[in-house]
Amino acid sequence: DQSGTLRGYGKLIRDITQQRAEQFRAAASENHYRSILATVPDAMVVTNRAGNILSFSAAAERLFGLSESEVVGTSFQRLIASSDPQGRVGDLEYYLAATRNSSDGVGSTLLGRKGDGSTFPLQLAVGQAVTEGKPIFTAFIRDLTEHRRTQERLEELRASLVHAARGSAM
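Residues numbered from 1 in each chain as written. Predicted model: local features only at pLDDT ≥ 70, side-chain atom pairs only at ≥ 80, totals over all residues. Heavy atoms only, no water.

Draft legend 1. A look at the nonpolar core. Of all hydrophobic cores here, the largest spans 23 residues; its most connected members are Val 45, Phe 56, Phe 64, Phe 76, Leu 124 and Ile 141. Elements with a minimum of two residues in this core: β1 (43-48), β2 (53-56), α2 (58-64), α4 (92-101), β4 (119-131) and β5 (134-143). When residues of this core are assigned to their parent elements, the largest contribution, four residues, is made by β4. The contact partners of Val 45, leaving out residues within four places of it in the chain, are Ile 53, Ser 55, Phe 56, Ala 60, Phe 76, Leu 79, Phe 137, Thr 138, Ala 139 and Ile 141. (Core = buried A, V, L, I, M, F, W, Y, C linked by side-chain atoms within 4.5 Å. Buried < 20%, exposed > 50% of the residue type's maximum accessible area, 1.4 Å probe, protein only. Helix = DSSP H or I, 4+ residues; strand = E, 2+ residues; numbered from the N terminus. Contact = heavy atoms within 4.5 Å.)

Okay, structure coming up:
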């Protein structure tokens, strides 16, 4: 009352079991996602429909020489050096269609741009998911530099073999 004497009390009890379980599931899911980003062997870049980078794997950091904090929020297009006269560079829906239409699951071979400005050949495969009603794209990127070197070396060896075979035939 007005004199400060306790006249009664109220008690509110709320069951937060479900809320806590959802928090634990969300934390476990986030930890699982971060674990995948840290260990996936190929570079993995997650973007929204506009092409803005949402996350960047550890392999992507190594490949492009850029940290996740440097690229999150920027355009995926900054990672691609290829110029496409039809303006498809960075158009992840186009790359998604190319990935789906390929027999080997690899959509495109492009030229990538590292943080220092140097370029390298890359293979791009794109997948799509819907999160909270909005599409997100996951780009899997493989560096083809070593593959190209190996192909060039094989061509040199084949040429040498053909030359040696001609000499032997003579």
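There is more to say, and it comes next.
Draft legend 2. Main features of the layout of surface pockets. Quantified by volume, the largest pocket comes out at close to 200 Å³. As for the largest pocket, its lining consists of Tyr 33, Arg 34, Val 46, Leu 54, Ser 55, Ala 129, Thr 131, Ile 136 and Thr 138. Elements with a contribution of two residues or more to the lining of the largest pocket: α1 (17-39), β2, β4 and β5. Among the residues forming the lining of the largest pocket, the class breakdown is five nonpolar, three polar and one charged. (1 Å grid on protein atoms, 1.4 Å probe; cavity = no way out; pocket = protein on both sides within 12 Å on 5 of 7 lines; lining within 4 Å. Points joined across faces, edges and corners; volume = space filled by probe spheres on them. Nonpolar A, V, L, I, M, F, W, Y, C, P; charged D, E, K, R; others polar.)

Draft legend 3. Expanded view of the side chain of Ser 55. With respect to the helices and strands, the residue Ser 55 is situated in strand β2. Residues within four places of Ser 55 in sequence aside, it is in contact with Tyr 33, Leu 37, Met 44, Val 45, Val 46, Glu 68 and Val 72.

Draft legend 4. Structural detail: the pattern of salt bridges. Going through the model one piece at a time under the given rule, you end up with three salt bridges. With a closest N to O distance of 2.7 Å, Arg 142 and Asp 42 form a salt bridge. With a gap of 100 residues between them, Arg 142 in strand β5 and Asp 42 in the loop between α1 and β1 connect regions that are remote in the sequence. With a closest N to O distance of 2.7 Å, Glu 155 and Arg 158 form a salt bridge. (Salt bridge = Lys/Arg side-chain N within 4 Å of Asp/Glu carboxyl O.)

In short, the description is geometric, and any link to function would need to be established separately.
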